[in-house]
Structure formats: C-alpha cells, structure tokens
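# Observations on the model geometry
Okay, here's what each chain looks like letter by letter:
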Amino acid sequence: MYFPIVYDIKHLMKFCNSLHGELNKLVELLEVERVGICHQASSDSLLTTCTFRKLKNNLFSGSLKKAMNVCQLEATQA
C-alpha cells in the first residue's frame, strides 16, 4: 500500500472553528497561492497538498494526533 493514512481536509476543517466551505474558500482563508489553471488535475493536486500542509502546520501545530484520535473513535462508533 502506497498511502497507509488518508486525510480528509473537509473532515479536518471540523476541528477549526473559523474554517468552512469548499477548497477555493479554504485556499482564500489560508492564503495559499494557486499555480496553474483551476480544475486542472496538476494544479488542483498541488493546491490541495499546499493547503493540507498549511492546515497541518499552522492550525494543528504540525501534529494531527488529536484529529486522528477523533477520526478513529468516529469510525469505531459508526
């Protein structure tokens, strides 16, 4: 398996009171710069990666352990 952990940005946003909306809105709020044309696979992938990194480093202090624990609890309760 190439990616043993999957992160859902939309789910992570639930832990940040000030964040909401779609990817483009999140990008604006986090002040992430888009490279390339909107809705092009490479541009959207790079934008998603940069957004995830900024979300992780700035709002989760570099660690997603708290969010991961909540995700695991939700998965087992479902």
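Everything that follows concerns the structure shown earlier in this document.
Right, let's walk through the structure included here. (Residues numbered from 1 in each chain as written. Predicted model: local features only at pLDDT ≥ 70, side-chain atom pairs only at ≥ 80, totals over all residues. Heavy atoms only, no water.)

### Let's talk about the overall build of the chain
Looking only at helices and strands, one finds four helices and zero strands in the chain. Listing each helix as α and each strand as β along the chain from the N terminus yields α-α-α-α. Looking at the 78 residues of the chain, the share that counts as buried comes to 23%. Long-range pairs, those at least 24 residues apart, make up 45% of the contacts in the chain with a sequence separation of at least 6. (Helix = DSSP H or I, 4+ residues; strand = E, 2+ residues; numbered from the N terminus. Buried < 20%, exposed > 50% of the residue type's maximum accessible area, 1.4 Å probe, protein only. Contact = heavy atoms within 4.5 Å.)

### Some remarks on the nonpolar core
Among the nonpolar cores identified, the biggest contains 14 residues, and Ile9, Leu12, Leu19, Leu26, Leu30, Leu55 and Phe60 are the most heavily contacted of them. Not counting chain neighbours up to four residues away, the residues in contact with Leu26 comprise Ile9, Met13, Leu19 and Thr51. (Core = buried A, V, L, I, M, F, W, Y, C linked by side-chain atoms within 4.5 Å.)

### Topic: the packing of helix H2 (residues 23-30) against helix H3 (residues 41-59)
At their nearest, the axes of H2 and H3 sit 10 Å apart, and the two run at 50 degrees to each other. Classified by the interaxial angle, the pair formed by H2 and H3 is oblique. Crossing angle aside, the handedness with which H2 passes H3 is left-handed. Judged by residue contacts, Leu23, Asn24, Leu26, Val27 and Leu30 of H2 engage Leu47, Thr48, Thr51, Lys54, Leu55 and Leu59 from H3. (Axes fitted to C-alpha atoms, helices over the stretch in contact; angles between N-to-C directions. Parallel < 35°, antiparallel > 145°, perpendicular 65-115°, else oblique. Left-handed = near helix turned anticlockwise from the far one by under 90°.)

### What about the pattern of salt bridges?
With the rule as written, the count across this model stands at one salt bridge. For the salt bridge of Asp44 with Arg34, the shortest nitrogen-to-oxygen distance reads 2.9 Å. Linking Asp44 in helix H3 with Arg34 in the loop between H2 and H3, this pair joins segments that are ten residues apart in sequence. On the accessibility criterion, Asp44 (21% relative accessible area) is partly exposed. (Salt bridge = Lys/Arg side-chain N within 4 Å of Asp/Glu carboxyl O.)

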